[in-house]
Amino acid sequence: MITKFKTKYGIKSNYQLIVIFIVFGITGSTAAFISDPLMEFINIKKSDLNFFIYWSIRLLVITFVYQIILLVVAFVFGEFKFFWNFEKKILKRIGFKKFISD
């Protein structure tokens, strides 16, 4: 199973796989941690909005922030190329094909 995963994504070694998992872990934790102060910074408060509207906005903020943090953390860990290709696939799937050059 791991071999299929590594082949599908072009991962060359177990070390690279571990680094990729670490990057995903750090990025997810950081995006969740940063989202609350960011929501306050853009002046969106839980007490001012409906529960579902607040959490919908917060999830959008987390998703956007996550994409940026992912590339920064990947750069620090030397896996920018892998994650940039990963990002390009995601952006193409959500409709940004025109803006992504291969």
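None of these values were measured; they are calculated from a predicted model. (Residues numbered from 1 in each chain as written. Predicted model: local features only at pLDDT ≥ 70, side-chain atom pairs only at ≥ 80, totals over all residues. Heavy atoms only, no water.)

For this particular structure, what's the right way to read a nonpolar patch on the surface?
On the surface, I18, I22, I26, F64, I68, V72, F75, V76, F77, F80 and W84 cluster together to form a nonpolar patch covering roughly 1100 Å² of accessible area. Of all the elements in the fold, those that place two or more residues in the nonpolar patch are α2 (14-41), α3 (51-76) and α4 (80-93). Ranked by the residues each element gives to the nonpolar patch, the list is headed by α3, at five residues. You can call F75 exposed: its relative accessible area is 61%. (Patch = residues over 30% accessible without salt bridge, like charges linked within 9 Å, V, L, I, M, F, W, Y side chains within 5 Å. Areas by Shrake-Rupley, 256 points an atom, 1.4 Å probe, with all protein chains shown as cover. Salt bridge = Lys/Arg side-chain N within 4 Å of Asp/Glu carboxyl O. Helix = DSSP H or I, 4+ residues; strand = E, 2+ residues; numbered from the N terminus. Buried < 20%, exposed > 50% of the residue type's maximum accessible area, 1.4 Å probe, protein only.)

What should I look at first to understand the pattern of salt bridges in this one?
For side chains bearing opposite charge, pairing can occur when the charged atoms are close. Under the counting rule described, the total for this entry stands at one salt bridge. One salt bridge in this structure joins D36 and R58, with 3.7 Å as the shortest N-O distance. One end of the pair, D36, is in helix α2; the other, R58, is in helix α3, with 22 residues separating them in the sequence.

Quick question: what am I supposed to make of the packing of α3 against α4 here?
Packed helix pairs are specified by the crossing angle of their axes together with the interaxial distance, meaning the distance between the axes. Running from amino to carboxyl end, α3 crosses α4 at an angle of 160°, the nearest separation of the two axes being 8 Å. Taken together, the axes of α3 and α4 are roughly antiparallel relative to one another. For the crossing formed where α3 meets α4, the hand is left-handed. Facing Q67, L70, L71, A74 and F75 of α3, the residues of α4 in contact are F80, F83, W84, F86, E87 and I90. (Axes fitted to C-alpha atoms, helices over the stretch in contact; angles between N-to-C directions. Parallel < 35°, antiparallel > 145°, perpendicular 65-115°, else oblique. Left-handed = near helix turned anticlockwise from the far one by under 90°. Contact = heavy atoms within 4.5 Å.)

Help me understand the packing of aromatic side chains in this model?
Describing an aromatic ring pair means giving the distance of the ring centres and the angle of the ring planes. In this structure the tally under the stated criterion is ten aromatic pairs. Geometrically, the ring pair formed by F82 and F83 is edge-to-face, given 5.1 Å between the ring centres and 85° between the ring planes. The exposure class of F82 is buried, given its relative accessible area of 14%. You can call F83 buried: its relative accessible area is 0%. When the centroid spacing of 6.4 Å and the interplanar angle of 75° are considered together, the rings of F83 and F86 count as edge-to-face. With F83 and F86 both in helix α4, this residue pair falls three residues apart, about one helical turn. Using a relative accessible area of 24% as the deciding quantity, one classes F86 as partly exposed. Pairwise contacts between aromatic rings join F24, F82, F83 and F86 into one cluster. (Phe/Tyr/Trp six-rings, centres within 6.5 Å; stacked < 30°, edge-to-face > 60°.)

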